[in-house]
Amino acid sequence: MPNGVLALFAILYPLAVAFGQRWVSPRWLAAALVVAALTRLAVGPRDRLAWMWGAAAALIAAYALFANDALPLRYYPLAINLGLLAVFGWSLLHPPTVIERFARLQEPDLPDAALPYVRRVTQVWCGFFVLNGSISLATVLWGSDAAWALYNGCLSYLAMGLLFAVERLVRQRVKRRLAGV
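Residues numbered from 1 in each chain as written. Predicted model: local features only at pLDDT ≥ 70, side-chain atom pairs only at ≥ 80, totals over all residues. Heavy atoms only, no water.

**Side note on a nonpolar patch on the surface**
Here is step 1 of the chain: Taken together, the side chains of Leu8, Ile11, Leu12, Leu15, Phe19, Trp23, Val24, Trp28 and Tyr157 make up a nonpolar region of the molecular surface, amounting to roughly 920 Å² of accessible area.
Here is step 2 of the chain: Sorting elements by how many residues they give to the nonpolar patch places helix α1 (residues 2-20) first, with 5 residues.
Here is step 3 of the chain: Relative to the helices and strands, Ile11 is located in helix α1.
Here is step 4 of the chain: Residue Ile11 is classed as partly exposed on the basis of its relative accessible area of 44%. (Patch = residues over 30% accessible without salt bridge, like charges linked within 9 Å, V, L, I, M, F, W, Y side chains within 5 Å. Areas by Shrake-Rupley, 256 points an atom, 1.4 Å probe, with all protein chains shown as cover. Salt bridge = Lys/Arg side-chain N within 4 Å of Asp/Glu carboxyl O. Helix = DSSP H or I, 4+ residues; strand = E, 2+ residues; numbered from the N terminus. Buried < 20%, exposed > 50% of the residue type's maximum accessible area, 1.4 Å probe, protein only.)

Okay, structure coming up:
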């Protein structure tokens, strides 16, 4: 239950920050993020990456809390993109790649012929995180609260979903080609 609530909080976070500022001070929004980050650290996964993201969220929120400033809260989606870029990029340098690990969950005997494809998909996701993070940063620096919320709370998720869908279609074609069909 707590993980589902935390996931929902993460998805709704940009909207909560953008529209919550109309009714409460940034300090209260930051306090909510501190509580969510500490809860995630307490009940979430115990791996180093989850801890680093929870700690990053807590630090961003703590700064916003003490400064009573909402601007730092707008950097959280960028921090998520940078973290994912680091994970996916690291896996390119130290295989197996993240996508290969996901693929092996569904297909433990992944053929060697598929490895270049999963590596390429990992590279595509790295490119996505660079682009998505850059747009997120641009909305922080130059966008209105509404533009920031629209991109980080809606459009970035749609773009991610579109990439998932396109990759799935391409994967089916690659599997047929590798199977010789």
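Structure's up, so let's keep going.
**A few points about the packing of aromatic side chains**
Here is step 1 of the chain: Scanning the model with the defined rule gives 5 aromatic pairs in all.
Here is step 2 of the chain: Aromatic pair Phe88 and Phe129: ring centres 5.2 Å apart, planes at 75°, arrangement edge-to-face. With Phe88 in helix α4 (residues 76-93) and Phe129 in helix α6 (residues 115-142), the pair connects residues that are 41 residues apart, well separated along the chain. Exposure class is identical for Phe88 and Phe129. Each is buried.
Here is step 3 of the chain: Consider the rings of Trp125 and Phe129, whose centres lie 5.7 Å apart with planes at 35°: the pair is tilted. With Trp125 and Phe129 both in helix α6, this residue pair falls 4 residues apart, about one helical turn.
Here is step 4 of the chain: A relative accessible area of 5% places Phe129 in the buried class.
Here is step 5 of the chain: Members of the aromatic cluster, joined through ring pairs, are Phe88, Trp125, Phe128, Phe129 and Phe164. (Phe/Tyr/Trp six-rings, centres within 6.5 Å; stacked < 30°, edge-to-face > 60°.)

**A look at helix α2 (residues 26-43)**
Here is step 1 of the chain: Helix length check: α2 (18 residues) gives 26 Å between terminal C-alpha atoms against 26 Å at 1.5 Å per residue, within 8%.
Here is step 2 of the chain: Buried within α2 are the following residues: Pro26, Leu29, Ala30, Leu33, Val34, Ala36 and Ala37. Burial along α2 is one-sided: seen end-on, the buried residues are contained in an arc of 165°. Exposed positions of α2 whose direction lies more than 90 degrees from the buried face are Trp28 and Val35. (Expected span 1.5 Å × (residues − 1). Arc of directions from axis to C-beta.)

**Overview of the nonpolar core**
Here is step 1 of the chain: If you look at the biggest cluster of nonpolar residues, it comprises 18 residues, and the most contacted ones within it are Tyr13, Leu33, Leu73 and Trp148.
Here is step 2 of the chain: Mapped onto this core, the elements with two or more residues apiece are α1, α2, α3 (48-67) and α7 (145-179).
Here is step 3 of the chain: Ala103, Val118, Cys126 and Phe129 belong to the second-largest nonpolar core, a separate cluster that totals 16 residues. (Core = buried A, V, L, I, M, F, W, Y, C linked by side-chain atoms within 4.5 Å.)

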